[in-house]
Amino acid sequence: MNKTKQKRANYNTQAVEKTAEYYSYTPRYVRMCLKGDATGIMPDAVVKKYREFVKRIEKAIEIKPEEL
């Protein structure tokens, strides 16, 4: 009866892994930063780097096969 109505956030797995690798953190910590559970200066930097990786991944996906 008490079902939660909150939806789970879906993060780009590749971007999470690359961000974790970049900072030598665990993917779980990166997800905590994205969710807002971790606070401070470094989590802000992690979120910024994650967004940068997501943009790069999306840009790479948009490249047409003829351009390769």
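Here, every reference points to the structure presented above.
The model shown is predicted, which means the values in this text are computed figures rather than measured ones.

Participant: I keep staring at the overall build of the chain and nothing clicks. Help me out?
Facilitator: Regarding its fold elements, the chain presents three helices and zero strands. In sequence order, the chain lays out its α and β elements as α-α-α. On C-alpha atoms alone, the chain measures out to a radius of gyration of 15 Å, which is more than a quarter above the 11 Å that the 2.2 N^0.38 rule sets for 68 residues. For the chain, the spread of C-alpha atoms along the principal axes amounts to about 50 × 35 × 15 Å. Taken over 68 residues, the chain has a buried fraction of 24%. Contacts in the chain between residues far apart in sequence, at least 24 positions, make up 44% of those at least 6 positions apart. Accessible area of the chain: about 6200 Å², with a carbon and sulfur share of 50%. The distance from the centre of the 15 positive side-chain charges to the centre of the 9 negative ones in the chain is 9 Å.

Participant: Would you take a moment to explain the layout of surface pockets for this structure?
Facilitator: Here the idea is plain: a probe the size of a water molecule rolls over the atoms and shows the empty space left. Of the volumes computed, that of the largest pocket is approximately 430 Å³. Lining the largest pocket are 15 residues, with Arg8, Ala9, Tyr11, Arg31 and Lys35 sitting closest to its centre. Breaking the lining of the largest pocket down by element, the ones donating at least two residues are helix 1 (13-23) and helix 2 (27-35). Considering every element that reaches the lining of the largest pocket, the biggest residue donor is helix 2, with four residues. Looking at the lining of the largest pocket residue by residue, the class counts come to four nonpolar, four polar and seven charged.

Participant: Where do I start with the pattern of salt bridges in this structure?
Facilitator: Any two side chains of opposite charge can pair, on the condition that their charged atoms come close. In the structure shown here, the tally under the stated rule is two salt bridges. Of the charged contacts in the structure, one is a salt bridge between lysine 49 and glutamate 52, with a shortest N-O distance of 3.6 Å. A residue pair is termed a helical-turn pair when its members lie 3 or 4 positions apart in one helix, as lysine 49 and glutamate 52 do in helix 3 (residues 41-62) at three residues. You can call lysine 49 buried: its relative accessible area is 15%. Among the salt bridges present, the one from arginine 56 reaches glutamate 52, with a minimum N-O distance of 3.0 Å. Of this pair, arginine 56 and glutamate 52 both sit in helix 3, four residues apart, roughly one helical turn. Taking the relative accessible area as the measure of exposure, glutamate 52 reaches 29% and is therefore partly exposed. When salt bridges that share partners are traced, they join Lys49, Glu52 and Arg56 into one network.

Reading the values: rules and limits
- Counting restarts for each chain: residues are numbered from 1 in the order of the written sequence.
- Reporting of local features is limited, given that this is a predicted model, to residues whose pLDDT is at least 70; pairs of side-chain atoms are given and counted only at 80 or more, and all residues count toward the totals for whole chains, interfaces and linings.
- In computing side-chain properties, one takes all heavy atoms of the structure into account and sets aside hydrogens as well as water.
- Secondary structure is summarised from DSSP: a helix means a run of H or I of at least four residues, a strand means a run of E of at least two, and numbering begins at the N terminus for each.
- Radius of gyration: C-alpha atoms only; globule rule: 2.2 Å multiplied by the number of residues to the exponent 0.38.
- Between buried and exposed lies partly exposed: a residue is buried under 20% and exposed over 50% of the maximum accessible area for its type, with that area taken using a 1.4 Å probe on protein chains only.
- Contacts are assigned to residue pairs with any non-hydrogen atoms lying within 4.5 Å of each other.
- Shrake-Rupley sampling with a 1.4 Å probe provides the accessible areas, and residues are treated as covered by the protein chains on show and by no other component.
- Positive: Lys, Arg. Negative: Asp, Glu. His and the chain ends are not part of the count.
- In this description, the location of a charge corresponds to atom NZ of lysine, CZ of arginine, CG of aspartate or CD of glutamate.
- Here a cavity means grid points, on a 1 Å grid over the protein atoms only, where a 1.4 Å probe fits yet cannot get out; a pocket means an open set of points with protein on both sides within 12 Å along at least five of seven lines; lining residues are those with an atom within 4 Å of a point.
- Grid points are joined across faces, edges and corners, and a volume is the space filled by probe spheres set on the points.
- Only Asp, Glu, Lys and Arg are considered charged in this grouping, and only Ala, Val, Leu, Ile, Met, Phe, Trp, Tyr, Cys and Pro are considered nonpolar; every other residue, Gly among them, is considered polar.
- Whenever Lys or Arg places a side-chain nitrogen within 4 Å of a carboxyl oxygen from Asp or Glu, that contact is recorded as a salt bridge.

Purely geometric numbers; function is a separate question.
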